[in-house]
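# Breakdown of the fold
Residues per chain are reported as follows:
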Amino acid sequence: MVVTIVESQGTVQVPFFFQVKYQIGDNIMNNELTIFVISAGTNPNFNDCLKALEVQTLTCKIDIIKDYAPMSRAFQEMMNRCQTKYYIQVDEDMILQPTAVQMMYEAIQQVPAKVCMVAHTLRDPHLAMDIVGIKIYKHDIFKNYPYNLEVIACEKEQLNRMEADGYSIQVIEKVIGEHSPKWTNELICERYFDLMEK
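Quick caveat: nothing in here was measured; it's all calculated off a predicted structure.

Here we take up the side chain of T121. With respect to the helices and strands, the residue T121 is situated in strand 8 (residues 115-124). Of note is the side chain of T121, whose polar atom sits 3.2 Å from the backbone nitrogen of V175. Sequence-distant contacts of T121, that is, excluding residues within four places in its chain, are made with D130, I131, V132, G133, I172, E173, K174, V175, I176 and G177.

Bringing the pairing of strand 6 (residues 86-91) into the picture now. Buried residues dominate strand 6, accounting for 5 of its 6 residues. The pairing of strand 6 with strand 9 (residues 129-138) spans 4 bridges and is classified as antiparallel. Residue pairing across strands places Y87 opposite Y137, the latter belonging to strand 9.

What follows covers unusual backbone geometry. At the junction of A69 and P70, the peptide bond is cis and its omega measures out at -5° in the coordinates. If you trace the backbone, P70 turns up in the loop between strand 5 (58-66) and helix 2 (71-81). In the Ramachandran plot, D67 falls in the positive-phi region, its phi being about 60° despite a non-glycine side chain. With respect to the element layout, D67 can be found in the loop between strand 5 and helix 2.

Okay, the packing of aromatic side chains next. Taken as a whole and judged by the stated rule, the model has 6 aromatic pairs. When the ring of F75 is compared with that of Y147, the centres are 5.6 Å apart and the planes differ by 45°; the resulting orientation is tilted. Highlighted residues: F75 in helix 2 and Y147 in the loop between helix 4 (139-142) and helix 5 (154-164), separated in sequence by 72 residues. The exposure classification of F75 matches that of Y147, with both residues buried. For the ring pair Y137 and F142, a centre distance of 4.8 Å and an interplane angle of 90° mean the geometry is edge-to-face.

Bringing a nonpolar patch on the surface into the picture now. On the surface, V132, I169 and V171 cluster together to form a nonpolar patch covering roughly 230 Å² of accessible area. Along the chain, the position of V171 falls in strand 10 (residues 168-179).

Here is what the cut-offs are and how they apply
Residues numbered from 1 in each chain as written. Predicted model: local features only at pLDDT ≥ 70, side-chain atom pairs only at ≥ 80, totals over all residues. Heavy atoms only, no water. Helix = DSSP H or I, 4+ residues; strand = E, 2+ residues; numbered from the N terminus. Polar contact = N/O pair within 3.5 Å; in protein donor to acceptor, adjacent residues only side chain to side chain. Contact = heavy atoms within 4.5 Å. Buried < 20%, exposed > 50% of the residue type's maximum accessible area, 1.4 Å probe, protein only. Pairing = 2+ DSSP bridges. Phe/Tyr/Trp six-rings, centres within 6.5 Å; stacked < 30°, edge-to-face > 60°. Patch = residues over 30% accessible without salt bridge, like charges linked within 9 Å, V, L, I, M, F, W, Y side chains within 5 Å. Areas by Shrake-Rupley, 256 points an atom, 1.4 Å probe, with all protein chains shown as cover. Salt bridge = Lys/Arg side-chain N within 4 Å of Asp/Glu carboxyl O.

Okay, structure coming up:
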């Protein structure tokens, strides 16, 4: 198996068995982690989102999940594709600070076994406040709790099932990026419509 690493200087392919954790210039490559970028339609933040991921101090495989509907199918696709111990869900309108992925990876390694997910905050320019937005998951736990594709609030329904089995989540109130800095009236309307449906 070969993983493709995209750098500003070009593309490098590295055999899978060498990829536990190693240095590439100033960055560290990690084989325990996958980043899934959830994208639908055309979003003005998408290119900035990808650029921010390319300059992370901790790099890993990046997989783009494009135009899945309803959103629960996109979330389920993350679990279906994931082959690593942890994964991060990055929505296309999230612009992460360069150390964000490394901070999330280090945080989830330190939590108790029954903590299945760690969330960090993002600064939302439209709301002018910090929101809980970016999450890192323990794949070995989440793969046992598939999303209910018939439920609009699929994440809440899933977490309720997990909580019943003794799992919990941890929120770290530290801002590690921005949420939708290039917002438009249309995007804001869609956001609140989605929230009302849930």
